[in-house]
Every structure is written in structure tokens, then in C-alpha cells.
Amino acid sequence: MQFAHYLGYFLMSMPAGWMASKLGYKGGIIAGLLIVAAGGFWFIPATHIVAFWAFLLGVCVIAAGLTFLETIANPYTTVLGPQRYAAARINLAQSCNGVGWIFGPIIGAVFFYSKNAAGVSTGSQTLYIPYA
């Protein structure tokens with residue numbers, strides 16, 4: 001899982017920088033969000049394919065979209081307001097990332113390790129819910 005995640009970062013790092021200069025802030029953020037959404041919605045057919053590679057592909061595409069977003073949104077955060085508060089804005093934004101890293105797995109466990117009314121683990125049948 002980690003290899004697929006960081007592969008997305010590796011594959012998109014250079015194209016994201018190039019595309020950021022072509023699309024600008026607004027177009028780049030929209031493109032990044034669309035890539036993340038495509039990766040998230042890929043989990044719906046992946047649950048029907050029921051193969052591990054299908055889930056890894058979704059993780060890789062989401063990571064590629066996140067790379068795109070981070071390449072464009074981080075510099076955009078610094079130019080949004082007064083220059084003297086640029087560092088504070090980027091630090092606040094990155095702090096929210098940390099909160100997500102803490103609470104995301106806790107909330108995700110509710111979906112990944114849940115059981116239906118009969119007490120049977122739902123596992124991969126509900127895996128698409130948090131991604132969609």
C-alpha cells in the first residue's frame with residue numbers, strides 16, 4: 001500500500017510542477033481535485049473486481065492527485081493574504097494535515113472493520129464508501 005501511495009507521488013511530482021505553470025492556481029487546484037476524485041471513485045468498480053491491484057491503482061491515483069494539489073495549493077496559500085503572515089498560513093494549513101493523519105485512520109477503521117447485522121465482516125464490500 002505504501003509503495004503504491006508513494007509511487008503516485010513519484011510519478012506526478014515533475015508533471016505537477018510543469019502543469020502548475022501552464023494551468024495557474026485555479027486550474028491546477030481543479031485538476032488536482034479531479035484526479036483525487038477519479039482515484040476515489042475508482043474504488044467503486046475496484047470492490048467488484050475484488051483484486052488487490054485494483055485497490056492499489058486507486059491509492060496511486062489519489063496520491064498523484066494529492067501531489068498535484070500540494071504542488072499548487074501550498075504556494076497559493078502563501079500569496080492569499082499579507083506577505084508577513086504567509087508562513088503562519090502555510091503552517092496552519094499543514095497542521096490541519098496532521099490532524100487528518102491522526103483522526104483519518106480512526107474514522108476509517110469504522111468503515112474497514114465494520115460488521116453487518118448478522119455479525120459478518122463487510123470488509124471489501126464497504127471499502128469504497130470513505131473513498132467515494
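Please refer to the structure higher up on the page.
Residues numbered from 1 in each chain as written. Predicted model: local features only at pLDDT ≥ 70, side-chain atom pairs only at ≥ 80, totals over all residues. Heavy atoms only, no water.

Moving on: the overall build of the chain. Per the secondary structure count, the chain includes 5 helices and 0 strands. Along the chain, helices and strands appear, N-terminal first, in the series α-α-α-α-α. The C-alpha extent of the chain, read off along each of the three principal axes, is 60 × 25 × 25 Å. Taken across its 132 residues, the chain has 27% of its residues classed as buried. Contacts in the chain between residues at least 24 apart in sequence constitute 59% of all its contacts with a sequence separation of at least 6. Accessible surface computed for the chain: about 8500 Å², of which carbon and sulfur atoms make up 73%. (Helix = DSSP H or I, 4+ residues; strand = E, 2+ residues; numbered from the N terminus. Buried < 20%, exposed > 50% of the residue type's maximum accessible area, 1.4 Å probe, protein only. Contact = heavy atoms within 4.5 Å. Areas by Shrake-Rupley, 256 points an atom, 1.4 Å probe, with all protein chains shown as cover.)

Helix length check: helix α1 (residues 2-41) (40 residues) gives 20 Å between terminal C-alpha atoms against 58 Å at 1.5 Å per residue, more than 12% under. Its axis deflected by about 120° at Gly24, α1 carries its strongest bend there. Of all the positions in α1, only Ala4, His5, Gly8, Met12, Ala16, Gly28, Ala31, Gly32, Gly39 and Gly40 are classed as buried. Contact partners of the buried residues in α1: α2 (43-49), α3 (52-79) and α5 (128-131). (Expected span 1.5 Å × (residues − 1). Bend = angle between axes of the 7 residues up to and from the residue.)

As a further point, take the packing of aromatic side chains. Summed over all chains, the structure comprises 3 aromatic pairs. Aromatic side chains Tyr6 and Tyr9 sit 6.2 Å apart centroid to centroid with 35° between the ring planes, which places their arrangement in the tilted category. Here the residue Tyr6 and the residue Tyr9 both occupy positions in helix α1, the gap between them amounting to 3 residues, near one helical turn. On the basis of an interplanar angle of 40° and a centroid distance of 4.8 Å, the ring pair of Tyr25 and Tyr76 is categorised as tilted. Of this pair, Tyr25 sits in helix α1 while Tyr76 is found in helix α3, placing the two residues 51 residues apart along the sequence. Owing to a relative accessible area of 32%, Tyr76 belongs among the partly exposed residues under this scheme. (Phe/Tyr/Trp six-rings, centres within 6.5 Å; stacked < 30°, edge-to-face > 60°.)

With that settled, the discussion passes to the packing of α3 against helix α4 (residues 86-112). Where α3 meets α4, the axes come as close as 7 Å, and the angle between the chain directions of the two elements is 140°. It follows that α3 is oblique to α4 by the angle criterion. Crossing of α3 over α4 shows right-handed handedness. Note on element contacts: α4 touches α3 through Ala86, Arg89, Ile90, Ala93 and Gln94, opposite Asn74, Thr77, Thr78 and Val79. Looking at the contact of α3 with α4, its residues break down into 4 nonpolar, 4 polar and 1 charged. (Axes fitted to C-alpha atoms, helices over the stretch in contact; angles between N-to-C directions. Parallel < 35°, antiparallel > 145°, perpendicular 65-115°, else oblique. Left-handed = near helix turned anticlockwise from the far one by under 90°. Nonpolar A, V, L, I, M, F, W, Y, C, P; charged D, E, K, R; others polar.)

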